[in-house]
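Examination of the molecular architecture
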Amino acid sequence: MAAQTTAGHTPRTYGNWVRPASPGLLGLGSLGTAILLGGLVASVITVMVLGVLAGVGMFAVVGLLVLTVKTKDRHGKNVMNRGFARAGFWRARQQRATIYRSGPLGQGWGTAQLPGLAAQTKLLEAETVSGQRFALVHTPSTKHYTIVFGAEPDGSGLVDEEQIDQWVSGWSHWLTDLGDEPGLDAASVTVETAPDTGVRLNQEVEANIDQSAPAFAQSVLREAVQRYPEGSAVTTVMVALTFTANTRVGGKRRSHEEIARDLATRIPHLANGLVSSGAGAARPMTAQELCEVIRTAYNPGVALTLHEAYAAGHEPELTWPEVGPVAAQSDWDSYRHDDATSVTWSMTEAPRGLVQANILARLLAPHRDVARKRVTLLYRPIDAARAAAMVESDLRTAEFLSSTSDKPTARSVMVRRAAEATAREEAAGAGLVNFGLLVTATVAKRDGLPDAIAAVDNLGATARLRLRPVYGSQDSAFAAALPLGLVLRRHLKVPADISGRL
């Protein structure tokens, strides 16, 4: 990502992200080129062995396969991609893998275990040197351990441009440092907006109200408390860091305690780096706090119960086998879980050109048509040893694509310039990060789903993002947008495209 400054040094703009691509003839990519060349060879052999008519038939089949790879929609998905998605969802539905039931009437554990990709996760709790408790999510299938930080960003309201530039610079340095963090596989930032129940405000006012004050003043305060939650929202920010722990050292398997002790020593440094990026007072979340976040995500109606319990002086005690939904069903374009329905979008294209630091402001802000909205930025930091080779590969690919025609398109020229800028910045010491974005909209009643979908589509346009519903994998995308540290590429049988690189 390159930072550029216009005249007067304000406002500063950012850009030059590159979408990874594979070289190929006629824009087909590596797979399409292999199909084309292999088909031509097969057609020639068929003509020599079986005759011209058979060769023409073989060539027609090859042409049809090439068209399935070449024909793409506005999101860059070709006919083959969409066909595989349809076939995979149909197979999952035939096997009834899209329906989940838990609890005493469900099959399996008899508890409300998390469904899908998160079913195998385990929640551990460890302690830092200073005695601070923190949650540690363990995913056995990928050998991942995830630490979740709770952040309190200051916001950009009434803040000078110079301070915003410093925050962006601090965030850039923090992401760059992640590439040198041993064992770190991925990171994510989740910004969740939800309706304010008003319970905490009521508790605060009732605890501080002066009983000797005039009755009129007390009634005004209580009326304000009753009306304030209407239309108000609360914003929660969480940062998840996923590590691939070395489970064996010298042939001996390391225990969870040893791995937790190793990660605990890194928490102060990572938290201090978040403070310089404008994230405020970042701290690791406890097991109870993380359980409440996940439980509320799958069953938003329980948020009021949790707040009322805290207001009454009773601290809820949730365990990991209780945070999942009692019932869930994944449809082609939506995901129904307990008392709510959600739709998740993925970013298929980053903003074109240059953008300012507040490009995502409206997308992250609360919206009246979306009861609960979750925006998750996914990062894959790349260490310096691999970054140099990757940027050079991207540059060679961009140069190849722009040189395949005597009159290259303006888009291919811009891609080549962006790749050149990225290569120069990496050579100067900048970090390299693969990134993606997921947006989840949750509504209490299914009737409000069309309004929520329209709202997210409009918000994506204001952020200059191209968003596409995760058709056929709504349940997996919903779990990936939660602060669980799930790295989707480790759960895929077929590699997926990366949305961007900065």
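With that out of the way, let us pick up the packing of aromatic side chains. If you walk through the whole model with that rule in mind, you get 7 aromatic pairs. When the centroid spacing of 6.4 Å and the interplanar angle of 65° are considered together, the rings of Trp17 and Phe435 count as edge-to-face. Remark: Phe435 occurs in strand S17 (residues 432-443) and Trp17 occurs in the loop between strand S2 (12-15) and helix H1 (29-50); sequence separation between them is 418 residues. Under the relative-accessibility criterion, Phe435 is labelled buried at 9%. Across from the ring centre of Trp332, 4.0 Å away, lies the NZ or CZ of Arg86, which sits over that ring.

Before going further, it helps to spend a moment on the nonpolar core. With 54 residues, the main nonpolar core has Phe149 and Leu241 as its most contacted residues. No other element matches S17, which puts 6 residues into this core. The residues contacting Leu241, other than those within four sequence positions of it, are Tyr145, Thr146, Ile147, Phe149, Trp174, Leu178, Leu184, Ala186, Ala187 and Leu270. Ala118, Val137, Ala287 and Val293 belong to the second-largest nonpolar core, a separate cluster that totals 25 residues.

When you tally the buried positions in strand S7 (residues 184-195), you get 11 out of 12 residues, the bulk of the element. Both S7 and strand S8 (residues 233-244) contribute to a ladder of 11 bridges, which runs antiparallel. From the neighbouring strand, Leu184 faces S8, where its bridge partner is Phe243. Summarising the sheet, S7 and strand S16 (residues 372-382) pair through 7 bridges and their orientation is antiparallel. Within S16, the residue paired with Val191 across the bridge is Val375.

Moving on, we come to the packing of helix H9 (residues 287-298) against helix H10 (residues 302-311). Following both chains from N to C, one finds H9 and H10 inclined at 145°, their axes separated by 9 Å at the closest point. For the pair H9 and H10, the contacting residues are Gln288, Glu292, Arg295 and Thr296 in the first and Val302, Ala303, Leu306 and Tyr310 in the second. Considering only residue class, the contact of H9 with H10 consists of 4 nonpolar, 2 polar and 2 charged.

What counts and what doesn't
Residues numbered from 1 in each chain as written. Predicted model: local features only at pLDDT ≥ 70, side-chain atom pairs only at ≥ 80, totals over all residues. Heavy atoms only, no water. Phe/Tyr/Trp six-rings, centres within 6.5 Å; stacked < 30°, edge-to-face > 60°. Helix = DSSP H or I, 4+ residues; strand = E, 2+ residues; numbered from the N terminus. Buried < 20%, exposed > 50% of the residue type's maximum accessible area, 1.4 Å probe, protein only. Lys NZ or Arg CZ within 6 Å of the ring centre and 35° of its normal. Core = buried A, V, L, I, M, F, W, Y, C linked by side-chain atoms within 4.5 Å. Contact = heavy atoms within 4.5 Å. Pairing = 2+ DSSP bridges. Axes fitted to C-alpha atoms, helices over the stretch in contact; angles between N-to-C directions. Nonpolar A, V, L, I, M, F, W, Y, C, P; charged D, E, K, R; others polar.

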